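Single-letter residue listing:
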Amino acid sequence: MNFKHFLWLPVLCFCFEAGLAQADFMQVEQILQNNCQNASCHNAATEAQGWLDFSLSGADLYESLINVNPTNAAAMSKGDFVIDAGQPYESYLFRKIDTEICDEYDCGLSGAEGEKMKTITEEVMPNEEAEFIRQWILFGAQFDADFVNEIAIEDYYDGGGLPGMERPPIPT
């Protein structure tokens with residue numbers, strides 16, 4: 001038996017697995033649509049009020065988010081974008097998400113920037129989903145890349161991560 005033929009097996013498996021992987025933005029789109037878009041929130045009708053339209057899909061949604069000025073004047077004056085690729089804490093959309101993973105120090109909003117957004121069921125966004133969005137932004141918020149390690153996020157939030165540390169006080 002000629003074993004040279006089996007040398008291609010790992011390469012074929014990797015290519016097959018890479019072909020099945022879902023691009024990170026597709027998952028971000030799904031998270032936003034599942035948590036934030038319904039008949040009264042973040043749809044084509046509410047876009048006229050200055051809200052984001054999460055009923056858009058694919059490249060249309062992506063282009064409405066990445067390096068675009070927010071409609072909120074206070075956020076725009078800070079230099080924030082809706083999504084600032086590589087900068088989750090300067091991304092107005094991420095700072096608006098009501099989640100337990102982001103404290104007021106990192107994601108605080110001034111009064112003029114409005115309040116945190118709850119999900120369409122009036123709940124806090126699940127940590128795993130908010131973390132996926134944070135990491136997607138951190139890795140450059142690319143349209144067709146697959147950088148975010150979803151298994152590591154799930155392991156961490158299911159008790160596999162190290163315990164959190166208390167933030168030290170800000171020096172005066």
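Model, not experiment: these values are computed from the prediction.

Participant: Requested: an account of the side chain of Arg 95, with residues and values cited.
Facilitator: Of note, Arg 95 is situated in helix α6 (residues 92–96). Judged by its relative accessible area of 2%, Arg 95 is buried. At 2.7 Å, the side chain of Arg 95 forms a polar contact with the backbone oxygen of Gly 108. Among all residues touching Arg 95, those that are not within four sequence positions of it are Lys 78, Asp 80, Pro 88, Tyr 89, Asp 106, Cys 107, Gly 108, Leu 109, Glu 113 and Lys 116.

Participant: Please set out the nonpolar core residue by residue, giving values where relevant.
Facilitator: By size, the foremost hydrophobic cluster in this structure holds 27 residues, and its most contacted members are Leu 32, Leu 65, Ile 83, Leu 93, Ile 133 and Trp 136. Mapped onto this core, the elements with two or more residues apiece are α2 (24–36), α4 (58–65), α6 and α8 (127–138). Ignoring anything within four residues of it in the chain, the contact list for Leu 32 reads Gln 37, Phe 54, Leu 65, Leu 93 and Ile 133.

Participant: How would you sum up the side chain of Thr 99? Please name residues and give values.
Facilitator: Topologically, Thr 99 is positioned in the loop between α6 and α7 (104–107). Side-chain polar atoms of Thr 99 contact the backbone nitrogen of Ile 101, separated by 3.3 Å. Sequence-distant contacts of Thr 99, that is, excluding residues within four places in its chain, are made with Val 124, Met 125, Asn 127 and Ala 130.

Participant: Residue-level account of unusual backbone geometry, with values.
Facilitator: Although it is not a glycine, Asn 67 sits at a positive phi angle of roughly 55°. Within the secondary structure, Asn 67 sits in the loop between α4 and α5 (73–77). One non-glycine residue, Ala 141, lies in the positive phi region at around 50°. Following the sequence through the fold, Ala 141 ends up in the loop between α8 and α9 (150–160).

Participant: Please give an account of α4 that cites residues and values.
Facilitator: Buried within α4 are the following residues: Leu 61, Tyr 62 and Leu 65. Here the buried residues of α4 occupy an arc of 100° about the axis, which is enough to place them on one side. In α4, the exposed residues that point more than 90 degrees away from the buried face are Asp 60 and Glu 63. Next to the buried residues of α4 lie α2, α6 and α8. Positive phi shows up at Asn 67, right after α4, with a value of about 55°.

Participant: If you had to explain the pattern of salt bridges to someone new, which residues and values would you point to?
Facilitator: The final tally for this structure, using the stated rule, is five salt bridges. With its nearest N and O atoms 3.4 Å apart, the salt bridge here joins Glu 113 to Lys 78. With Glu 113 in the loop between α7 and α8 and Lys 78 in the loop between α5 and α6, the pair connects residues that are 35 residues apart, well separated along the chain. Across the salt bridge formed by Glu 113 and Arg 95, the nearest N and O atoms sit 2.5 Å from each other. With a gap of 18 residues between them, Glu 113 in the loop between α7 and α8 and Arg 95 in helix α6 connect regions that are remote in the sequence. For the pair Glu 113 and Arg 95, one class covers both residues: buried. Residues joined in a network through salt bridges with shared partners are Lys 78, Asp 80, Arg 95 and Glu 113.

Analysis parameters
- Residues numbered from 1 in each chain as written.
- Predicted model: local features only at pLDDT ≥ 70, side-chain atom pairs only at ≥ 80, totals over all residues.
- Heavy atoms only, no water.
- Helix = DSSP H or I, 4+ residues; strand = E, 2+ residues; numbered from the N terminus.
- Buried < 20%, exposed > 50% of the residue type's maximum accessible area, 1.4 Å probe, protein only.
- Polar contact = N/O pair within 3.5 Å; in protein donor to acceptor, adjacent residues only side chain to side chain.
- Contact = heavy atoms within 4.5 Å.
- Core = buried A, V, L, I, M, F, W, Y, C linked by side-chain atoms within 4.5 Å.
- Arc of directions from axis to C-beta.
- Salt bridge = Lys/Arg side-chain N within 4 Å of Asp/Glu carboxyl O.

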